[in-house]
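Geometric and topological summary
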Amino acid sequence: MNEQTLEIPCTIPADAANPVEPFLRMDRMPHIWCPACGIGTTVNCFVRALIESHANLDKVAIVSGIGCTGRVAGYANLDSFHTTHGRAIPFATGLKLANPELQVVVYSGDGDLFAIGGNHFIHAARRNMDLKVICVNNLTYAMTGGQTAPTTPGKVISATSPYGVFEPAFNLVALAEAAGASYVARWTTFHVKQLSRSMEEVLHKKGFCFIEVISPCPTLYQRRNKMGDGLDTMKYYKQASKIRHGARTTECDMTKSGEIIVGKFVDRDRPGYFEMLHAQMTETLGDRYAEPEVMCEQC
Amino acid sequence: MHADPKGVLTGVHFLDGDHACCEGTLAAGARFAAGYPITPSTEVVERFASRIPTVGGVFIQMEDELAASITIQGAVWGGAKAFTVTSGPGFSLMMEHIGYAAMTETPCVFVNVQRGGPSTGLPTLPAQADMMQARWGSHGDYGIIALCPNSPQECFDLTITAFNLSEEFRVPVMLMLDECVGHMTEKVVIPDAAAIDVYPRRFTHLPPGEFRLFEPREDKVPDMVRAGDGYRFHVTGLTHDERGYPSMNVDTQNRSVTRLLEKLQPFTGERALSETANLEDAEVVVVSYGITSRVAQRAIDMARQQGVRAGKFRIISAWPFPERHIAALAPKVKAMVVPELNLGQMVREVERAAAGKCKVTLVPHAGGTVHNPEVILKAILEAVR
Amino acid sequence: MAKGFVAINVERCKGCGFCVEFCPTRVLMLSSAFNTKGYHPPNVVAAEKCSGCDLCGMYCPDFAIFGARYAR
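Here is what the cut-offs are and how they apply
- Residues numbered from 1 in each chain as written.
- Chains lettered and ligands numbered in written order.
- Predicted model: local features only at pLDDT ≥ 70, side-chain atom pairs only at ≥ 80, totals over all residues.
- Helix = DSSP H or I, 4+ residues; strand = E, 2+ residues; numbered from the N terminus.
- Rg over C-alpha atoms; globule rule 2.2 N^0.38 Å.
- Buried ≥ 20, exposed ≤ 12 C-beta atoms within 10 Å, placed from the backbone.
- Contact = placed C-beta atoms within 7 Å.
- Pairing = 2+ DSSP bridges.
- Axes fitted to C-alpha atoms, helices over the stretch in contact; angles between N-to-C directions.
- pLDDT = per-residue confidence, 0-100.
- Nonpolar A, V, L, I, M, F, W, Y, C, P; charged D, E, K, R; others polar.
- Right-handed = clockwise from strand over helix to strand, strands pointing away.
- Parallel < 35°, antiparallel > 145°, perpendicular 65-115°, else oblique.
- Left-handed = near helix turned anticlockwise from the far one by under 90°.

1. Observations concerning the overall build of chain C
- Helix and strand counts for chain C come out as 2 helices and 4 strands.
- The order of helices and strands in chain C, counted from the N terminus, is β-α-β-β-α-β.
- Whereas a compact globule of 72 residues would reach a radius of gyration of roughly 11 Å, chain C reaches 11 Å, a difference of no more than 12%.
- Projecting the C-alpha coordinates of chain C onto the three principal axes gives extents of approximately 35 × 20 × 20 Å.
- For chain C, the proportion of its 72 residues judged to be buried stands at 51%.
- A separation threshold of at least 6 residues defines the contact pool for chain C, and within that pool the share at least 24 residues apart is 58%.

Here it is, written out as structure tokens:
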């Protein structure tokens, strides 16, 4: 490190502003995430995706569950919902069905979406519900102190597996594909450009889209397993990641310290939920079918 | 505001309670329902699934009650009037989300067609087994409104009331049917849409930037908003301040959580819904609700014939409990007789409100069928001896 | 004259080192000085090399730094 003061020798234009700030509830900063936690990094990518996709921010709604990643909704300057543990997806389903004009993004963690929320994930994927699900996978239940999650790889030490995890871990991308997701990708918090681009892609794509982001939890996961700090983890991601677009998701398991297959694995077109609803209803009811007008009157 | 005619099946019908309830939701303006099959409630959503595509709305059968109970809340924040339907075991599953609705002040309706319990119990047989659960089932301090219809006609009428109250008080409302009322077929008169009053959602008139989603008006209830209108609001189940931001400290807890109960205080007295008869000269009052109130009516009539001055207090809004009415009545009577299709739930509230000023007798029934009126009559006669 | 500049919010920084590590032109190094929370924020050591690519901004989990190109 450098024996320097905190003077910054760049000339900074008077009107310079961090492009991410208008997208955040700045009155709630600083956030609660730990030093070198990757969640904030994913938020930067999400904000860039919103900018690049020219999204109408009034129409973007973000729904989170409970956990560290679940706090994203609270910091996003959008119509935002911090719901119950595991139930962001059904809440998001109701939101989208009531107002199909909304772009509904579910932003939550691995435990929230795949343990308690697992059932809801697979059904929303099965229905091809038009939701964009961003799962920050730090391989643990971070908020509550680093307990074993369905994604925690074998041999890892956790708060509830003090002698090492022995249960096989879920392969989230394979699960998402099998359940019917229209778009499945995995990146790590190292891959900021690619992640941002994937997020932008899903904002334009119809159907159930899933992006898994592998992220450090330096305070709990990495520390308990003597894997270094957040920066060490980012360097590991850089070194161990192999970009394989179109790889077979069943061959993309996560392990304690092995290869991380990243990329876009699934990008397919399936009929959307509304499309199917409409087709079935008009086929059987013909003219008698009344287009849904779910929202109630403004008074 | 008048009901939207698209959802009003005006006419004289022969319907069971479940079906009448469904018509009530449509008349009230509900255009979204999420449900999960469970006897004896399923017909409510089956009819909704059948009706809504020609009225104009959405029904989705979710993968479980955990999902259904929160999908409706997503729909509410998307701007819809929404409800779900269940029975005992499903009601238990929905409890976390009933608490979430209370905490986030999400207006919505939960219909519970009660059956014998506990656990899987008696799926096809009546009970009034979830009355306490309706009030206390979720964790923490919060309040809800619960209504008890005693006929298919009331299943229609009180469903509309349930929606109206949920909007007025920004609170989840429990509509507590039972299997008997739900599966009983009777005449149901559905009037013209113009004759049905529907309470519109209290959307704010303030612009974004000025509006605070949890800032109460004078009546202690905040205005509503919906996603997509540019308000950039935040909803969380964490203890939150008037902006909706998490504010996990003692002051906010005291202020915000207490208000959830205070806003419903009018139902302990002036806003309580009840049906009373012959209270002026009563020496004994039968306090009942739901299907039991119809059996109790027979017992009251028989008692009157025998010269006993028996009065009726039929509870329609069971929660908040009409304690001020019961407290005012208790000193004037010798006894209150409380028949219910359970082993003693609402009787505890009657006892609490009566505060020892009169005798309170429970006529319990573990469930499975209705009381024999003779049993209630016997309790009435013994109470005045 | 550099193509871009980097602006650092010293007090928001938690010293994770992502920006230092992943800046493609090595503009930054962690300072040995502390902010009020006790973290070592980055220092610009090679301002002339900054292209304003904003990779630092994308990596920063604390929204404490961003880069931008100078307007022409």
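2. Some thoughts on the overall build of chain A
- Counting its regular elements, chain A contains 10 helices and 8 strands.
- Taken over C-alpha atoms, the radius of gyration comes to 20 Å for chain A, in line with the 19 Å a tight globule of 299 residues would show.
- Based on the C-alpha atoms only, the size of chain A along its principal axes is roughly 75 × 55 × 35 Å.
- Residue pairs at least 24 apart in sequence account for 68% of intrachain contacts in chain A once pairs closer than 6 positions are excluded.

3. Brief notes about the sheet that holds strand β11 (residues 274–277) of chain B
Residue and element names in this part refer to chain B.
- With mixed pairing, 5 strands are arranged side by side in an open sheet as β11-β13-β12-β15-β16. Each end of this open sheet is capped by a strand with a single partner; those strands are β11 and β16 (359–363). Strand-to-strand twist across the sheet, computed as the mean angle between neighbouring axes with direction ignored, equals 20°.
- Pairing of strand β12 (residues 284–288) with strand β13 (residues 310–315) involves 5 bridges; the strand directions are parallel. For Ser-288, the partnering residue across the bridge sits in β13 and is Arg-314.

4. A closer look at the confidence of the model for chain C
- On average, residues of chain C carry a pLDDT of 96, and 100% of them reach 70 or more.
- Note on the complex model: pTM 0.97, ipTM 0.97.

5. Description of the interface of chain B and chain A
- Listed by partner, the interface residues are 46 residues for chain B and 42 residues for chain A.
- Of all the secondary-structure elements, those providing two or more residues to the side of chain B that touches chain A are β2 (32–35), α2 (42–55), β3 (58–61), α3 (65–77), α5 (95–104) and β10 (234–236) of chain B.
- Per element, the largest residue contribution to the side of chain B that touches chain A is 9 residues, and it comes from α3 of chain B.
- By residue class, the composition of the side of chain B that touches chain A is 24 nonpolar, 15 polar and 7 charged.
- Where strand β2 (residues 79–82) of chain A lies against β10 of chain B, 3 bridges are found, and the strand directions are parallel.

6. Section: the sheet that holds strand β3 (residues 103–109) of chain A
- Overall, mixed pairing links the 9 strands, which are arranged β7(A)-β8(A)-β5(A)-β6(A)-β4(A)-β3(A)-β1(A)-β2(A)-β10(B) in an open sheet. Since the sheet does not close on itself, it has two edges, and those belong to β7 (241–243) of chain A together with β10 of chain B, each with one partner. When strand polarity is set aside, the average angle formed by the axes of neighbouring strands in this sheet is 20°.

7. Re the environment of Val-8 of chain B
All names here are of chain B.
- Mapped onto the elements of the fold, Val-8 is located in the segment before β1 (11–16).
- Counting along the chain gives 16 residues from Val-8 to Gly-24, while the straight-line C-alpha distance between them is 8.2 Å.
- Leave out the neighbours within four places in its chain, and Val-8 touches Ala-3, Ala-27, Ile-190, Ala-193 and Ile-196.

8. Section: the arrangement of the chains
- Ranking the 2 pairs of chains in contact by contact count places chains A and B at the top.
- With no contact formed, the shortest span from any C-alpha in chain B to any C-alpha in chain C equals 19 Å.

9. Let's talk about unusual backbone geometry
- Note the cis peptide between Met-29 of chain A and Pro-30 of chain A, where omega equals 0°.
- Among the structural elements, Pro-30 of chain A can be located in the segment before α1 (39–52).
- In this structure, the amide linkage connecting Thr-39 of chain B to the following residue, Pro-40 of chain B, adopts the cis form with an omega of 0°.
- When you line up the elements, Pro-40 of chain B lands in the loop between β2 and α2.
- Of note, Glu-105 of chain B is a non-glycine position whose phi angle comes to about 55°, a positive value.

10. So, the environment of Pro-30 of chain A
- Taking the C-beta count within 10 Å as the criterion, Pro-30 of chain A has 13 such neighbours and is therefore assigned partly exposed.
- Along the primary structure Pro-30 of chain A and Tyr-75 of chain A are separated by 45 residues, whereas in three dimensions their C-alpha atoms are 9.7 Å apart.
- Discounting residues that sit within four places of it in the chain, Pro-30 of chain A has contacts with Arg-12 and Asp-62 of chain C.

11. Concerning the pairing of β3 of chain B
All names here are of chain B.
- Looking at chain direction, β2 and β3 are connected through 4 bridges and run parallel. Paired with Ala-34 across the strands is Ile-60, a residue of β3.
- Chirality of the crossover, the property in question, places the unit of β2, α2 and β3 among those that are right-handed.

12. Things to note about the interface of chain C and chain A
- The interface of chain C with chain A comprises 34 residues on the first partner and 32 residues on the second.
- Mapped by element, the contributors of at least two residues to the side of chain C that touches chain A are β1 (4–8), α1 (18–22), β2 (28–30), β3 (42–44), α2 (55–59) and β4 (65–69) of chain C.
- For the side of chain C that touches chain A, the per-class residue count stands at 23 nonpolar, 7 polar and 4 charged.

13. As for the packing of helix α10 (residues 291–305) of chain B against helix α13 (residues 373–383) of chain B
Residues and elements named next belong to chain B.
- Relative orientation of the contacting elements α10 and α13 amounts to 50°, with a least axis distance of 8 Å. On the basis of their axis angle, the class for α10 and α13 is oblique. Two packed elements cross with a definite hand, and for α10 against α13 that hand is right-handed. Counting all contacts with α10, which are made through Val-295, Ala-296, Arg-298, Ala-299, Met-302 and Ala-303, the residues of α13 involved are Pro-373, Ile-376, Leu-377, Ile-380 and Leu-381.

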